[in-house]
Amino acid sequence: MSSQVEQLAVEIANAFRNTDLSNPSSGNLEETAHSFIKSKLKQVAESDSESKQQLLTTTIDASLNTQVATAISTAIVKEIAAVVDEEKAIDVAGRKKVLRHILSRVQQRAMAYEDAIIMARKTMSNILASENHWEEAAQELREIRFDQMHSQVNNNEKFDVYLRIIEYYALAGNQDQAVLALNRATTVVQTVADVERIIRYRGIQARIYEKAHRYIEAANVYRIISQSDLKSKTDQERALSKAIECVVLAAAGPQKMRVMTNLYREKLASTLPSFGLLENMVLKRLIKPAELDEFSTQAKLTQETIGTLVQAVREHNVFVLSSLYTNIKFENLGRSLGIDADEAEQTCANMIAEGRMKGRIDQIDGVITFEGSHEVGEVAAAISMKRQVSTQAPPMHFRETVSAKWDLRIENLCQSIEDAVDLLIERQPVYAEALFNSVEQH
């Protein structure tokens, strides 16, 4: 075997005799290496997979011989790593052996073979990904230590590797590692000028946030994607629909309301099937079960996500009622929400504890008292706006919001009176009859 390696080393050196080694970046080295490896594989074209794998392994050893210049050796090893990705005539096990052989042989001289190591890791990752071994594919790419390399690596190349790591971890269902990889990519994104790469990054980022139930962040990223000029109108609508879906699933509170308002103002929003639910939430209307069912069908939500939607809508309705009532019994609140009093109390307690709603709970009397500071802030903001632009009519969406709120309050007041009368008839029938007779006589 050693004589075969020696002989092949001489052959390699002769093949590069007329190649300029003083300028490795010129491309001449890569072209010669490509031609050499292709010619060697052509000689064993009729041979079996193992023979081809053995040829490439021997060529690697020969290129690392002292008779071969380091620049030539690097070009040969890198070319073999690239060819293995394309050479389907070698079985998967054989291709993996070749790549492992590269990594084991050049590990001690990593500084001189950084490009070859990157190529070998990428190719190995591709093979593992083709077998749906997502976690292993991601781990292979993580072994590429860009921060420890001496040669300058193109930021786009580095960014692409990070994106693939994120995608593979996400496909493996390892959300924790996907988020860590996303954070690494975030440190590089500012140096990337290619808009298509950034849009791809945003898409991955939004999906990771969505999987991690970080719905507010996901909605904001999907909205950014929908505003890209590189996207077709269909893609923009799809991204905006995902933004609306995510914000609807988010826990109720001021932050959610701000994001919903921004989405409500998007030009394309009104053309989407999910706009009706978004509009009702922005205008602080109570969401009915039929609307919830229609939305979940349109969005094709999973059973788990439907549970999240039910909870989000329930919290939204509590948030709406908190702006309509000073206080309310949990029994009546539960009736409005379609749940029992204990569930209503627990929902309110969670929202108050997480700072998404202000209020006080009296467990003895079973009453919650809402603090209307957010309503005062709304009125103050409206007055301030009127003073600043007194010469202009309020924008249409502002007048519609005020009108809708006024209508909703009247509607809820009438419903509350009707509920009170029904309760009076149920608990005090004699008194109620006497009261009604007294009214009729007058």
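See above for the structure.
This structure is a prediction, so every number in the text was calculated from the model and none was measured.

A. Inspection of the nonpolar core at higher detail. Formed by 118 residues in total, the largest nonpolar core has its most connected members in I12, I76, I80, I102, V247 and L278. In contact with I12, not counting residues within four places along its chain, are F36, T59, A62, S63, V68, I72 and I76.

B. Up close: helix α14 (residues 275–282). Burial analysis of α14 places six of its eight residues in the buried class, the great majority of the element. Listed in full, the buried residues belonging to α14 are F275, L277, L278, N280, M281 and V282. Tucked into the core, α14 has its buried residues touching α12 (233–249), α13 (254–264), α15 (289–299) and α16 (303–322). Downstream of α14 by one or two residues, K284 has phi in the positive range, about 55°.

C. Fine view of the packing of α16 against helix α18 (residues 341–353). In the contact formed by α16 and α18, the axes pass within 11 Å of each other and the chain directions differ by 80°. Viewed along their axes, α16 and α18 adopt a mutual orientation that is roughly perpendicular. Between α16 and α18, the residues in contact are Q311, R314, E315, V318 and F319 and E343, T347, C348 and M351, respectively.

D. Quick peek at the side chain of Q236. Mapped onto the fold, Q236 is located in helix α12. Look past the residues within four positions of Q236 in its chain and what remains in contact with it is S226, S228, K231 and L268.

E. Local environment of the environment of S241. Tracing the backbone shows S241 in helix α12. Look at S241 and you get partly exposed, because its relative accessible area is 24%. Here the alpha-carbon distance between S241 and A299, two residues 58 residues apart in the chain, equals 8.6 Å.

Cut-offs applied
Residues numbered from 1 in each chain as written. Predicted model: local features only at pLDDT ≥ 70, side-chain atom pairs only at ≥ 80, totals over all residues. Heavy atoms only, no water. Core = buried A, V, L, I, M, F, W, Y, C linked by side-chain atoms within 4.5 Å. Buried < 20%, exposed > 50% of the residue type's maximum accessible area, 1.4 Å probe, protein only. Contact = heavy atoms within 4.5 Å. Helix = DSSP H or I, 4+ residues; strand = E, 2+ residues; numbered from the N terminus. Axes fitted to C-alpha atoms, helices over the stretch in contact; angles between N-to-C directions. Parallel < 35°, antiparallel > 145°, perpendicular 65-115°, else oblique.

It is worth stressing that arrangement in space is one thing and function is another; only the former is reported here.
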